[in-house]
Amino acid sequence: MTISAILERRRLRRRLTWWRAVTLILVAVVILGGYRFIMGPDAARVLTRPHIAELTISGMIVDDPALLQKIEDIGDDTRVKALIVSLSTGGGSTYGGERIYKALRAVAEKKPVVADIRTEAASAGYMIALAGDRIFAGETSITGSIGVLFMYPQAKELLDKIGVTMGTVKSAPMKAEPLPFDAATPQVRAMLGSVVSDSYNWFVDLVAERRDMPREKALALADGRIVTGRQAVEDGLIDAVGGQKDILAYLHERDVPENLDIESWDDINNDGFDLNMANAAVFLLQKAGLGSLVGEYPGKGAGFVDGLVSVWQNNW
């Protein structure tokens, strides 16, 4: 056999492999599409056995509708017998933390919810941890930092140096304050302080309620300090130092069957379909020997924090 014939055979084999992969993907799309049409929105998870769901909340806390929908889905899924919320976050938007907290408490009305503080769950992260029926942490995990702040830029000195001035016409003195072009007046600072104090008091009341401690004690702990997991147990901010074994022991006390597996919900998207379709395509391409064509599935983009924030450190 000549070299040209060998090369031509190899080219033909590659073309056949490509079309086989395309055919497999199209068949999968048709099957999964028809299955979803017949079974409805729950088609993607209809074959999931009873399990303990695990959901990771990490990075910056923001108002995240997709995450809130996922939490609601966990609450509604009868195959989920309990939820473990794995936390690694220094906080973020106070409002974002509030929404996630309330969503998790709605789940807790239906099934046990456990907060597992990993690297850290500070400020709004700790706010979310308060939603757990029981809070666990590592001995050296970082938590606490109970508090609220409002940040705004001050550019007046810089603008003065480059000879730029900004004029404003406002309907009332407090409109659009604080502005970065002028130093905040005492009245503006008083207004901001009132907003921060109101949210801070709400946070302190939440700690007192959820940790079953006098408000005076919660207030004393809410000076912005961070604590380790061991210190948090002593202060009453969490229930115990422990890991997965301890969490499962607690869940078994709550009548969660011992034979259930823990399944991550981190990669399950809201409609349960697009991501599974992508996974199916990736699987078929790999089986067809075309795995090199598979790129990284686009994840959720980073968000921006707006309004009041509850963070340990503003490192974003």
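Above: the structure in question.
This report concerns the structure included in the present document. (Residues numbered from 1 in each chain as written. Predicted model: local features only at pLDDT ≥ 70, side-chain atom pairs only at ≥ 80, totals over all residues. Heavy atoms only, no water.)

## Some words on the overall build of the chain
Within the chain one finds ten helices and nine strands. Counting all 316 residues of the chain, 37% fall into the buried class. The contacts of the chain with a sequence gap of at least 6 include a subset with a gap of at least 24, amounting to 77%. Surface exposure of the chain reaches about 18300 Å², of which carbon and sulfur atoms provide 55%. (Helix = DSSP H or I, 4+ residues; strand = E, 2+ residues; numbered from the N terminus. Buried < 20%, exposed > 50% of the residue type's maximum accessible area, 1.4 Å probe, protein only. Contact = heavy atoms within 4.5 Å. Areas by Shrake-Rupley, 256 points an atom, 1.4 Å probe, with all protein chains shown as cover.)

## So, helix α2 (residues 65-76)
Look at α2: 16 Å from first C-alpha to last across twelve residues, which is about the 16 Å you get at 1.5 Å a residue. Of the residues making up α2, those classed as buried are Leu67, Leu68, Lys70, Ile71, Asp73, Ile74 and Gly75. Capping the start of α2, Asp64 holds a side-chain oxygen 3.2 Å from the backbone nitrogen of Ala66, two or three residues further along. (Expected span 1.5 Å × (residues − 1). Polar contact = N/O pair within 3.5 Å; in protein donor to acceptor, adjacent residues only side chain to side chain.)

## Description of the pattern of salt bridges
Counted by the stated rule, this structure contains 13 salt bridges. With a shortest N-O distance of 3.4 Å, Asp261 and Arg49 are connected by a salt bridge. Here Arg49 lies in the loop between α1 (3-39) and β1 (51-61) and Asp261 lies in strand β8 (residues 261-264), a separation of 212 residues in the sequence. Given a relative accessible area of 56%, Arg49 falls into the exposed group. (Salt bridge = Lys/Arg side-chain N within 4 Å of Asp/Glu carboxyl O.)

## Some details on the nonpolar core
Formed by 49 residues in total, the largest nonpolar core has its most connected members in Leu83, Leu87, Ile100, Val207 and Leu237. The leading source of residues in this core is helix α6 (residues 186-210), at seven residues. If we ignore the near neighbours within four places in the chain, the residues touching Val207 are Tyr126, Leu130, Ile146, Asp212, Met213, Ala218 and Leu237. Of all hydrophobic cores here, the second largest spans eleven residues; its members include Val114, Ala240, Tyr250 and Val256. (Core = buried A, V, L, I, M, F, W, Y, C linked by side-chain atoms within 4.5 Å.)

## What about the environment of Arg134?
With respect to the secondary-structure elements, Arg134 resides in strand β4 (residues 134-137). Taking relative accessible area as the criterion, Arg134 reaches 28% and is therefore assigned partly exposed. In this structure the C-alpha to C-alpha distance between Arg134 and Tyr250, which are 116 residues apart in sequence, comes to 8.5 Å. In this structure, Arg134 is in contact with Val113, Val114, Ala115, Asp239, Ala240 and Tyr250, ignoring residues within four places of it in sequence.

## Overview of helix α3 (residues 94-108)
The end-to-end C-alpha distance of α3, which contains 15 residues, comes to 21 Å, matching closely the 21 Å that a straight helix rising 1.5 Å per residue would cover. Where α3 begins, one side-chain oxygen reaches toward the backbone nitrogen of Tyr95, 3.3 Å away; that side chain belongs to Ser93.

## Brief notes about the packing of aromatic side chains
On inspection of all chains with the given rule, the structure shows two aromatic pairs. Taking 6.4 Å as the distance between ring centres and 45 degrees as the angle between the ring planes, the aromatic pair formed by Phe150 and Tyr152 counts as tilted. Judged by relative accessible area, which is 33%, Phe150 ranks as partly exposed. Assessed through its relative accessible area of 24%, Tyr152 is described here as partly exposed. (Phe/Tyr/Trp six-rings, centres within 6.5 Å; stacked < 30°, edge-to-face > 60°.)

## Let's talk about the pairing of β4
The sheet contact formed by strand β3 (residues 113-122) and β4 spans four bridges and is parallel. Residue pairing across strands places Asp116 opposite Phe136, the latter belonging to β4. Relative to strand β7 (residues 240-241), β4 runs parallel, the two being bridged by two bridges. Note that in β7 the partner of Ala137 across the bridge is Val241. (Pairing = 2+ DSSP bridges.)

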